[in-house]
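Architecture at a glance
Spelled out from the first residue to the last, the chains are:
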Amino acid sequence: MRLTPPVQGAFREVIKNFTYAGFTIPKGWKTHWNVNTTHRNTKYLPDPEKFDPSRFEGREPEPFTFVPFGEGPRMCPGREYARAQVLVFIHNIVTKFKWERVDPNEKISYNPSPIPAKGFPICLQPLENIY
Ligand code: HEM
């Protein structure tokens, strides 16, 4: 969700003039906020390319720094449903199966959402049959 977010961002219409990084952004313009670049902000996420789930242990990310579901009033209304589905899926696959990636070096392609280039083939063996 941080390093390969399924949704790349969204657009917002500017409702009043503002200045950002020395640029004046006029009212009426469309702006794009981007999940990927937000998730690689070294100010809040040191060593951003490193997969390190423990970076969030015992502390919440700063507001608006971890935004796979957006943030604010238009935040994804399906987020808790999506999180529950992912949790149930991961729980079952790691507790009931031994699993291995067929190609550990499989690349991600973007079109525009990220998707494993070969469809993420895996070998599954039910744990009850091998132990
Ligand atoms: C991993 C799964 C999902 C991800 C990463 C995701 C991500 C996002 C993101 C980034 C936005 C834009 C938020 C913004 O503009 O601030 C969004 C909006 C939205 N999502 Fe999701 N979403 C997911 C699953 C779902 C599901 C399961 C549903 C419905 C059951 C859903 C329904 C919506 C709707 C209706 C919006 C538009 C909200 C609005 O504009 O007010 N999403 N989602």
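Residues numbered from 1 in each chain as written. Predicted model: local features only at pLDDT ≥ 70, side-chain atom pairs only at ≥ 80, totals over all residues. Heavy atoms only, no water.

1. A closer look at the UniProt feature "binding site: heme" (unreviewed entry) in the protein chain
The criterion, for reference: UniProt positions are given in the numbering used here, feature names are shortened, and annotations may be inferred rather than shown by experiment. A simple rule labels every residue: compare its accessible area, found with a 1.4 Å probe on the protein chains alone, to the largest value its type can have, and call it buried under 20%, exposed over 50%, or partly exposed in between.
Annotation from UniProt places "binding site: heme" (unreviewed entry) at C76. Judged by relative accessible area, which is 28%, C76 ranks as partly exposed.

2. Re the layout of surface pockets
Counted only if it meets this: Put simply, the grid is 1 Å and covers the protein atoms alone, a cavity is a trapped set of points that fit a 1.4 Å probe, a pocket is an open set with protein on both sides within 12 Å along at least five of seven lines, and lining residues have an atom within 4 Å of a point. Grid points are joined across faces, edges and corners, and a volume is the space filled by probe spheres set on the points. Helical segments are the DSSP runs of H or I of at least four residues, strand segments are the runs of E of at least two, and each set is numbered from the N terminus. Three classes are used, and their members are as follows: Ala, Val, Leu, Ile, Met, Phe, Trp, Tyr, Cys and Pro are nonpolar, Asp, Glu, Lys and Arg are charged, and the others, Gly among them, are polar.
Taken as a whole, the largest pocket encloses approximately 1800 Å³ of empty space. In this structure, the largest pocket is lined by 48 residues; those nearest its centre are M1, R2, F51, F66 and V86. Top element by residues in the lining of the largest pocket is helix α2 (residues 79-96). It accounts for 10 residues. Among the residues forming the lining of the largest pocket, the class breakdown is 30 nonpolar, three polar and 15 charged.

3. Considering the site of the ligand
Heads up, the condition is: We call a residue near a molecule or strand when any one of its heavy atoms sits within 4 Å of it. Distance and chemistry together define a polar contact, namely a pair of N or O atoms within 3.5 Å, with one atom able to donate a hydrogen and the other to accept it when in protein, and with adjacent residues in sequence counting only for side-chain atoms on both sides.
Lining the immediate surroundings of the ligand are 16 residues, of which R12, P68, R74, C76 and P77 lie closest. The side chain of R12 places a nitrogen or oxygen atom 2.6 Å from an oxygen atom of the ligand. Within the side chain of R74, an N or O atom sits 2.6 Å from an oxygen atom of the ligand. Listed by contribution, the elements that provide at least two residues to the shell around the ligand are β1 (9-13) and α2. For the shell around the ligand, the residue count by class is 11 nonpolar, two polar and three charged.

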